[in-house]
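# Residue-level structure breakdown
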Amino acid sequence: MKLSGSQIFFKALKLEQVETIFGYPGGAVMDLYDELSRHDIDHILVRHEQGAAHAADGYARATGRVGVCLVTSGPGATNAVTGIATAYLDSVPMVVFTGQVSTRTIGNDSFQEVDITGITRSCTKHNFLVRDIAKLACTIREAFQISRSGRPGPVLVDLPKDVIQSFLEEEDLDVPVLNPGETAPPEEREEAGRKALEMIGQACRPLILCGGGILRGKAAEEFRIFVKTLNIPVASTLMGIGAFPGSDPLWLGMAGMHGTYYANHAISRCDLLLAIGARLDDRVTSKVEAFAPRARVIHVDIDPVSLDKVIKADLAIESDSKAFLKLLNRLLAEKGLQLRPDTASWRREIEQWRREVPLSYCLNENIKPQYVVQKLGELAGGEAIVTTDVGQHQMWTAQFFRFERPDTFLTSGGLGTMGYGLPAAIGAQIACPGKLVINIAGDGSIQMNIQELATAVNYRLPVKIVILNNGYLGMVRQWQELYYGRRYSQSGIHPSPDFVKLAEAYGALGLRADKPGQVEATLLEGLKHPGPAVMDFLVEPLEGVYPIVKPGEPLTNMYLGKQE
Amino acid sequence: MRGCETALSIMVYNKPDVLARIAGTFSARGYNIESISANTTMNPELTRISITTRHDKEVIRKLEKQLARLVDVISVEDLSNGGAVRREMLLARVFPPPGEEERLKDLVLEKGWKIIACGDDSFTVEVTGNQEEITQAFLHLGPFDLRDYVRTGVISLGGKGIIPGKLQNGGPAGA
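Described in the following lines is the structure provided in the data block. On a predicted model such as this, the values are computed, not experimentally measured, just so you know.

On to the overall build of chain B. A count of helices and strands for chain B gives four helices and nine strands. By the burial criterion, 22% of the 175 residues in chain B qualify as buried. Partitioning the intrachain contacts of chain B with sequence separation of at least 6 by distance along the chain shows that 73% fall at a separation of at least 24.

Right, let's talk about the sheet that holds strand β3 (residues 42-45) of chain A for a bit. Hydrogen bonds between backbone atoms are what pair the strands of a sheet, whose relative direction is either parallel or antiparallel. All names here are of chain A. Taken in spatial order, the six strands of this open sheet run β3-β2-β4-β5-β7-β6, and their pairing is parallel. Each end of this open sheet is capped by a strand with a single partner; those strands are β3 and β6 (126-129). Neighbouring strand axes in the sheet, compared pairwise and without regard to direction, differ in orientation by 20 degrees on average. Where strand β2 (residues 20-23) and strand β4 (residues 67-71) come together, two bridges link them in parallel fashion. Paired with Gly23 across the two strands is Leu70, which belongs to β4.

Moving on, we get to the environment of Gly83 of chain A. Residues and elements named next belong to chain A. Following the sequence through the fold, Gly83 ends up in helix α4 (residues 75-89). Classification of Gly83 as buried rests on a count of 36 C-beta atoms within 10 Å. Between the C-alpha atom of Gly83 and that of Asn329, which follows or precedes it by 246 residues, the distance is 37 Å. Leaving out residues up to four positions away in the same chain, Gly83 has contacts with Gln50, Ala53, His54 and Asp57.

Residue and element names in this part refer to chain B. Taken residue by residue, helix α4 (residues 131-141) has Ile134, Ala137 and Leu141 as its buried positions. Down the axis of α4, the buried set is contained in an arc of 50 degrees. They therefore lie on one face. α4 presents Glu132, Thr135 and Leu139 as exposed residues on the side facing more than 90 degrees away from its buried surface. Considering only its buried residues, α4 is in contact with β5 (84-94), β7 (123-129) and β8 (146-151).

Let's shift gears to the interface of chain A and chain B. At the interface, eight residues of chain A touch 10 residues of chain B. When its residues are assigned to classes, the side of chain A that touches chain B shows three nonpolar, three polar and two charged.

Turning to the sheet that holds strand β16 (residues 409-410) of chain A, a few remarks are in order. All names here are of chain A. Spatial ordering of the open sheet is given by β16-β15-β17-β18-β20-β19, a layout of six strands whose pairing is parallel. Edge positions in the open sheet fall to β16 and β19 (509-513), since each of these has one partner strand only. Two elements, strand β15 (residues 385-388) and strand β17 (residues 437-442), share four bridges in a ladder whose sense is parallel. Bridging from a neighbouring strand, Thr387 pairs with Asn439 of β17.

Residue and element names in this part refer to chain A. The interhelical angle for the contact between helix α15 (residues 369-380) and helix α16 (residues 392-400), taken along N-to-C directions, is 45 degrees, at an axis separation of 9 Å. By the angle class used here, α15 and α16 are oblique. Here α15 runs over α16; the crossing is right-handed. Counting all contacts with α15, which are made through Pro369, Gln370, Val373, Gln374 and Gly377, the residues of α16 involved are His393, Trp396, Thr397 and Phe400. Class assignment for the residues of the contact of α15 with α16 results in four nonpolar, five polar and no charged.

Another aspect to go through is unusual backbone geometry. Residues and elements named next belong to chain A. Going from His494 to Pro495, the amide bond is cis rather than trans, its omega being 0 degrees. Summarising the element assignment, Pro495 is placed in the loop between α19 (474-483) and α20 (499-506). Cis geometry is adopted by the peptide bond preceding Pro547, which originates at Tyr546 and carries an omega value of 0 degrees. Inspection of the secondary structure puts Pro547 in the loop between β20 (533-538) and β21 (548-549). In the Ramachandran plot, Ser91 falls in the positive-phi region, its phi being about 55 degrees despite a non-glycine side chain. One can find Ser91 in the loop between α4 and β5 (94-100). Accessibility expressed as a C-beta count within 10 Å gives 26 for Ser91, which makes it buried. Here the phi dihedral of Ala292 falls at roughly 45 degrees; this positive angle occurs in a residue that is not glycine. Looking at where Ala292 falls in the secondary structure, it is placed in the loop between α12 (282-285) and β13 (296-301).

Calculation rules
Residues numbered from 1 in each chain as written. Chains lettered and ligands numbered in written order. Predicted model: local features only at pLDDT ≥ 70, side-chain atom pairs only at ≥ 80, totals over all residues. Helix = DSSP H or I, 4+ residues; strand = E, 2+ residues; numbered from the N terminus. Buried ≥ 20, exposed ≤ 12 C-beta atoms within 10 Å, placed from the backbone. Contact = placed C-beta atoms within 7 Å. Pairing = 2+ DSSP bridges. Axes fitted to C-alpha atoms, helices over the stretch in contact; angles between N-to-C directions. Arc of directions from axis to C-beta. Nonpolar A, V, L, I, M, F, W, Y, C, P; charged D, E, K, R; others polar. Parallel < 35°, antiparallel > 145°, perpendicular 65-115°, else oblique. Left-handed = near helix turned anticlockwise from the far one by under 90°.

Right, dumping it as structure tokens:
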């Protein structure tokens, strides 16, 4: 029997156990969309291809499974690029299928033709242009394999129309079984594990910096056991939030540019830093020479490129976080109590910093954005999945929403993509239909992919959108206030549309609060609404995110804001 | 430019976009490629790419890891530190002044070069050697009115137990 390229495509997706595709049709993928209805795969029709990529990303981050999206050639593909780059910077497993013009017309500047493999070469883990139907199935298999193996990342597969339209005898269908890649050999890792425990055992002021690698590696449980066994305080990168319960006394919150006072001081004062699954980017280290200056550094990462890239580690270990933490836990169980650091006085020192400068804000007659986030955290509980966009609201969420569980805080950390939150929330809600999914957004960010409200309404997804509306591109405004002589160039974005009416126009519930006393009732009403709800909070316009470390300054040079 | 010259030998799958990926790994980080050559190997599915670049060792180590991370890259080897033979080829077109032709031919014979093409008043000389020898060749050929040239860039072949410049049955090979 002969199979068409379209049939092979869906057969291959089935083999990868794909249940949901986020996509948008167009000329080059008409055949795939025609075939779609004959298969048991859900397709979520977004309203912009960037939304498809972010939704697949949110789906992947919430579940750990590979997110899949399908878009047409040319503008369909280029629209997806920001979403692909977002997933690349945050190591999210994702496979993006793009339509392409027929192989015989590639290179002719044909209608809706772009060299998408060329465009995405530097923002995908790998990409493929399938020129031969005989290679289609095995390429799709390889794409999924690459996407989820090692350090995960997006893989793009470009599908020319004639390849999809051609036929192959079923017996010629070749789908190889691929072996999952292995990082460091177990013996080598065991040696490194012993050495790491020895170094930790010798330390007086050990500190852990956890990154997104713990979440991608599904290692949060192993991590929690390890931390609790040794009683070592934990600071986190933005991407590591959720890897350890926010209510635990060992949790110091986020470190870095907007890190807590006590996390940043702990980094500067610790004599041993164990960084796991963190690539130590500039938002975390700030001035590299002043980062953890007193510490011996143990750096564990699945990607050897991340090791010794920014900080020269005393012990660099190439390993997946789960395997490594399992090993440490096993070694600790073997060794009993002999090599454990006594962290009691160190923890007291940190608690002193926490008492001196806790995360705080001042109340006044306006709604404070931090208050909305904090209240939302209390009402939503530890089970909710929260997505954000990028800017002040993102940092306030990282600081004031208490995350207890892994994969519940979905945010664009590496690329810093405004417009990520709503489509990512849609993807997460599709993946986790029973969970409360909230997008915390700014009035700037929400307008970057507001069209996806139609998707949420279309599929009756009860996502909650909390807009911290201050009339500014708040983080830009704050930088202008602090570092650009209060010259507020192009950072005011009033008037915004009436978000309540806009929500209603899309068919969602719209609510607004402009007094602190209305916050709780508004949140409760929005959260209990069975469908998508937009809650517009008119917040203190000039509020800043504090602490803030000026780029390039040591982490201890924190500006704590105007003391009101 | 800072740093020492490094010869990297990169074994890759022979695919249409692999060279772009390698080059992109350099260019995306602002690193320069001084010379590059690529060709098939004993295994037709594989291509060996020889790259010379000039950076400090720390950058080279990062580059090696970034290159090794590419899906189509099989291995990356730094051939700078012994154990590898390295050669470059130069094709130089000279226009010797009248009466100087014989002196050119003598020079070519003495150096072990080859004249591979003759025009009405020009000669194309093929020179193969290490970089030092190629640099020397320019000095020698200059007086014969060197008007155009092309050089391949360095190709390298590494391997265990290889001693550059030694013939198997003893005696230097003149390199």
